[in-house]
Amino acid sequence: MNPLKDPAIVYLRVLLATRVDRLRTDADRSRGASAIEWAIITGILALIAIGIGVTIKKKVDDAAANIQTK
């Protein structure tokens, strides 16, 4: 007896295949993926900006500490 031929398994496979096919062909999917891509890009750019800001602050603090006063 093949367990993959069980009616419940066959039904679940068809249901899953239908949903996957619907996700692949859905027109709204491209907008959702685009929004996710923009969120990821924005997050990466924010991390880069924070890293640059921290580096600049560190260099300014080091330069300020090396200033000779009378």
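Residues numbered from 1 in each chain as written. Predicted model: local features only at pLDDT ≥ 70, side-chain atom pairs only at ≥ 80, totals over all residues. Heavy atoms only, no water.

The next thing to look at is the overall build of the chain. Helix and strand content of the chain: two helices and zero strands. The 70 residues of the chain split such that 0% are buried. Surface summary for the chain: the accessible area is close to 6700 Å², and the carbon and sulfur share equals 67%. (Helix = DSSP H or I, 4+ residues; strand = E, 2+ residues; numbered from the N terminus. Buried < 20%, exposed > 50% of the residue type's maximum accessible area, 1.4 Å probe, protein only. Areas by Shrake-Rupley, 256 points an atom, 1.4 Å probe, with all protein chains shown as cover.)

Inspection of the entire model under this criterion finds one salt bridge. For Lys 57, the salt bridge identified is with Asp 61, shortest N-O distance 2.8 Å. Of this pair, Lys 57 and Asp 61 both sit in helix 2 (residues 28–65), four residues apart, which is roughly one turn of the helix. Classification of Lys 57 by relative accessible area gives exposed; the value is 52%. (Salt bridge = Lys/Arg side-chain N within 4 Å of Asp/Glu carboxyl O.)

This brings us to a nonpolar patch on the surface. A surface patch of nonpolar side chains, amounting to about 1000 Å² of accessible area, comprises Ile 36, Trp 38, Ile 40, Ile 41, Ile 44, Leu 45, Ile 48, Ile 52, Ile 56 and Val 60. Summarising the element assignment, Ile 52 is placed in helix 2. (Patch = residues over 30% accessible without salt bridge, like charges linked within 9 Å, V, L, I, M, F, W, Y side chains within 5 Å.)

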